[in-house]
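Here's the letter readout for the chains.
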Amino acid sequence: MNLMQLRAFHAVATQASFTLAARTLGLTQPTLSQSVKALEERYGVLLFERSSRRVQPTEMGRRLFQLTTRLFDTEQEAATLLEGSAQLARGLLQLGADSPYYVMPLIAEFDRRHPQVEIRLSIGNAGAVLEDLSEARLDVALLSNPPVDPRFHTVPLYRDPVRLMLPAGHPLAASHPLAAGDAVPVAALAGQRLVMRETGSMTRRTVERGLAEAEIAPGAMFEVTGREAVQEAVALGLGLGFISAGEIRPDPRIAVRPLANCAWHTDEYVLCQRDRRRFPAIRAFIELAVAAVGAGQGPGELQSPTPQTV
C-alpha cells in the first residue's frame, strides 16, 4: 500500500478541501488530486463525493479515515517520543468549545507555559464541536453536558447555573429590582415569549427539559443562532433568554436573574479522543484545566472532582 497516497487522502479528509490539504502537505493541488485518484483506482472505490462547493467523504472514505487517523496518530506519537517534543517545544493544538468564556483563560495560561505550541480555536454549538472532535479535526474540546461516549476521555470541570435574561424595562425586572438580585419564580415564565438558541445548544436543551419537568408552558419562541444573538434579541425586547452564569457580561439593557427554587445548570467538561489522550499537548492542556478547577479559578459553581489521571 502506498503510504503517500494514504497521507494525501487523510489530509483531504481532515481539511475537507483539496486546496487546503495540498497546502498542508506542501504539494501542488494536481499532484495531491492524482494521489487520491490513484488510490481510488487501485482499489476500485470512491472515497470522496466532489462538488464545486465542498468535498465530503463517502461511507468508505469515512471508514478509511478512522483507520488513517489511528495510523498517523501513532506516527505522530512515535515522532514525539523520538524527537523529544514531549516537552512541548513545538507543535499544534486544535481546540474547540461551545463558549469562549470558559476556554480563553485556559488558553492564555497554556500559551504562557508553552509559547512554542501553536493554538487554533473553533467556537460552535456543542453538536458541531463534538462532531469535529470525533472526526479528529480537533484535539481537545470544552463542552457543556457532552453525551456519554466510550470513544472520548471526559473530565468534569465546572457546574454552571442557568440564569434568566430580561430586558431592563420588563415587568419581571421591575418587580424584582436590580439592586436586590431577587430570583424570578419559574412559574412566571408561563406564557412568556422566549429567545432560544439553535438546536444543538446545551443551554436550550437544559431549559426545555426544565420547563417540561415543571410543567410550564411558555409562549411563542424566537430562535436565533449564537449566544450573542440571544443577548441582543433580549436587549431589544424580543423575549426572555437564558445564559450560563459564567458567560454573563455586563449590559445595562439587560437584567440577569436567578430562577427561584430551580436547579437548572450546565456541566462543563474537557474531553478528547480516548486513544489520543497521551499526546503531550493534549495531556498538558487537560491537566492544566483540571488544575485550574482545583485551584478555584473557573467560572460558575465548581464541582470538586477527585484528582484525574489524564
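Residues numbered from 1 in each chain as written. Predicted model: local features only at pLDDT ≥ 70, side-chain atom pairs only at ≥ 80, totals over all residues. Heavy atoms only, no water.

Draft legend 1. Just the packing of helix α1 (residues 3-15) against helix α3 (residues 29-43), in detail. Their axes nearest at 8 Å, the elements α1 and α3 cross at an angle of 110°. Taken together, the axis directions place α1 and α3 in an arrangement best described as roughly perpendicular. Two secondary-structure elements touch here, α1 through Gln 5, Leu 6, Ala 8, Phe 9 and Val 12 and α3 through Leu 32, Ser 35, Val 36, Ala 38 and Leu 39. Of the residues assigned to the contact of α1 with α3, the class counts are eight nonpolar, two polar and no charged. (Axes fitted to C-alpha atoms, helices over the stretch in contact; angles between N-to-C directions. Helix = DSSP H or I, 4+ residues; strand = E, 2+ residues; numbered from the N terminus. Parallel < 35°, antiparallel > 145°, perpendicular 65-115°, else oblique. Contact = heavy atoms within 4.5 Å. Nonpolar A, V, L, I, M, F, W, Y, C, P; charged D, E, K, R; others polar.)

Draft legend 2. Molecular detail of the pattern of salt bridges. If you walk through the whole model with that rule in mind, you get 18 salt bridges. A salt bridge links Glu 109 to Arg 113; the shortest N-O distance between them is 2.8 Å. With Glu 109 and Arg 113 both in helix α5 (residues 100-113), this residue pair falls four residues apart, about one helical turn. Here Glu 109 falls in the partly exposed class, since its relative accessible area comes to 23%. Exposure remark for Arg 113: the relative accessible area of 46% places this residue in the partly exposed category. Between Arg 120 and Glu 118 there is a salt bridge whose closest N-O contact spans 3.2 Å. One continuous salt-bridge network, built from bridges that share partners, spans Asp 73, Asp 139 and Arg 276. (Salt bridge = Lys/Arg side-chain N within 4 Å of Asp/Glu carboxyl O. Buried < 20%, exposed > 50% of the residue type's maximum accessible area, 1.4 Å probe, protein only.)

Draft legend 3. Broad picture of the layout of surface pockets. One number sums up the size of the second largest pocket: a volume of about 400 Å³. At seven residues, the largest contribution of residues to the lining of the second largest pocket is made by helix α4 (residues 59-83). By residue class, the composition of the lining of the second largest pocket is four nonpolar, five polar and eight charged. (1 Å grid on protein atoms, 1.4 Å probe; cavity = no way out; pocket = protein on both sides within 12 Å on 5 of 7 lines; lining within 4 Å. Points joined across faces, edges and corners; volume = space filled by probe spheres on them.)

Draft legend 4. Local environment of the pairing of strand β5 (residues 140-144). With five of five residues buried, β5 lies mostly within the body of the structure. In the sheet, strand β3 (residues 92-97) pairs with β5 via three bridges, with the strands oriented parallel. What sits directly across from Gly 96, in β5, is Ala 141. Bridge count between β5 and strand β13 (residues 265-273): four bridges; the pairing is antiparallel. (Pairing = 2+ DSSP bridges.)

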